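Summary of the model geometry
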Amino acid sequence: MSTSPIYDRLADLGVTLPPLAVPAASYVPFVRTGNLVFVSGHIAKREGKPWVGQLGKTMDTAEGQAAARAIAIDLLGTLHAALGDLGKIRRIVKVVSLVNSTADYTEHHLVTNGCSEFLGQILGDAGTHARSAFGVAQIPLGACVEIELVAEVAD
């Protein structure tokens, strides 16, 4: 792994990046075109299994934030696999978050902060991004949160 300050920050937090996940359906984990990397949606996992739940019913916002943070770690793992070095990230351009929630739950943006804040903590200014957060009726495998992103990278 690189000696980049990014990896130092991960190590300081005791975070180990996971290996590239095998897709659960007919898609690839990421696509690079030019200086952009589009990372497919990653569902929340806990102890290697889907983190199942519904915000507003079986989960609260704090637990949703923890799930979104866990996804951020997985997304960085995928970017590491795509680039070989997270130091090549110029900027996280866009994050899209889907939150499995009840119809009356309204804190999707706060759940998504778990991912956004972690990306900022690890990547600094390069981790700041445009973002959308949506409530949805269901996510594959019953997961509580799914997040995808687009990153601008160096050549």
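This text gives an overview of the structure that appears in the document. Small disclaimer: the values here were computed from a predicted structure and weren't measured. (Residues numbered from 1 in each chain as written. Predicted model: local features only at pLDDT ≥ 70, side-chain atom pairs only at ≥ 80, totals over all residues. Heavy atoms only, no water.)

Moving on: the sheet that holds strand β1 (residues 30-33). Read from one edge of the open sheet, five strands run β1-β2-β7-β5-β6, paired in mixed fashion. Both outer strands of the open sheet, β1 and β6 (130-136), are each paired with one neighbouring strand and no more. Taken over all neighbouring pairs, the strand axes of this sheet differ in orientation by 15 degrees on average, direction set aside. Inspection of the sheet shows strand β2 (residues 36-43) paired to strand β7 (residues 145-153) by six bridges, in the antiparallel sense. Bridge assignment links H42 to a residue of β7, and that residue is I147. The strands touched by helix α2 (residues 61-83) are β1, β2, β5 (89-100) and β7; relative to β2, the strand with the most contacts, the crossing angle is about 140 degrees. Helix-sheet contacts for helix α3 (residues 108-123) involve β5, β6 and β7, and the interaxial angle to β6 is about 145 degrees. (Pairing = 2+ DSSP bridges. Helix = DSSP H or I, 4+ residues; strand = E, 2+ residues; numbered from the N terminus. Axes fitted to C-alpha atoms, helices over the stretch in contact; angles between N-to-C directions. Contact = heavy atoms within 4.5 Å.)

Secondary-structure assignment places Q54 in the loop between β4 (49-50) and α2. One polar contact links the side chain of Q54 to the main-chain carbonyl oxygen of S101, over a distance of 3.3 Å. Each residue touching Q54, except ones within four places of it in the same chain, is listed here: M59, N100, S101, T102 and A137. (Polar contact = N/O pair within 3.5 Å; in protein donor to acceptor, adjacent residues only side chain to side chain.)

As a further point, take the pattern of salt bridges. The full count for this structure, using the stated rule, is two salt bridges. Put simply, E63 and R46 hold a salt bridge, and the shortest N to O gap is 3.3 Å. Taken together, the positions of E63 in helix α2 and R46 in strand β3 (residues 45-46) put the pair 17 residues apart, joining distant regions of the chain. Overall, the relative accessible area of 25% leaves E63 in the partly exposed class. With a shortest N-O distance of 3.7 Å, R90 and E152 are connected by a salt bridge. (Salt bridge = Lys/Arg side-chain N within 4 Å of Asp/Glu carboxyl O. Buried < 20%, exposed > 50% of the residue type's maximum accessible area, 1.4 Å probe, protein only.)

Burial runs high along β7: seven of the nine residues are buried. Across nine bridges, β5 lies against β7 in antiparallel orientation. Of the residues in β7, the one forming a bridge with V95 is L149.

What follows is about the nonpolar core. Among the nonpolar cores identified, the biggest contains 40 residues, and L10, L76 and L79 are the most heavily contacted of them. Elements with a contribution of two residues or more to this core: α1 (5-12), β2, α2, β5, α3 and β7. Here this core gets 10 residues from one element, more than from any other, and that element is α2. Setting aside anything within four residues of it in sequence, one finds L79 in contact with V37, V39, G84, L86, I89, I92, L149 and A151. (Core = buried A, V, L, I, M, F, W, Y, C linked by side-chain atoms within 4.5 Å.)

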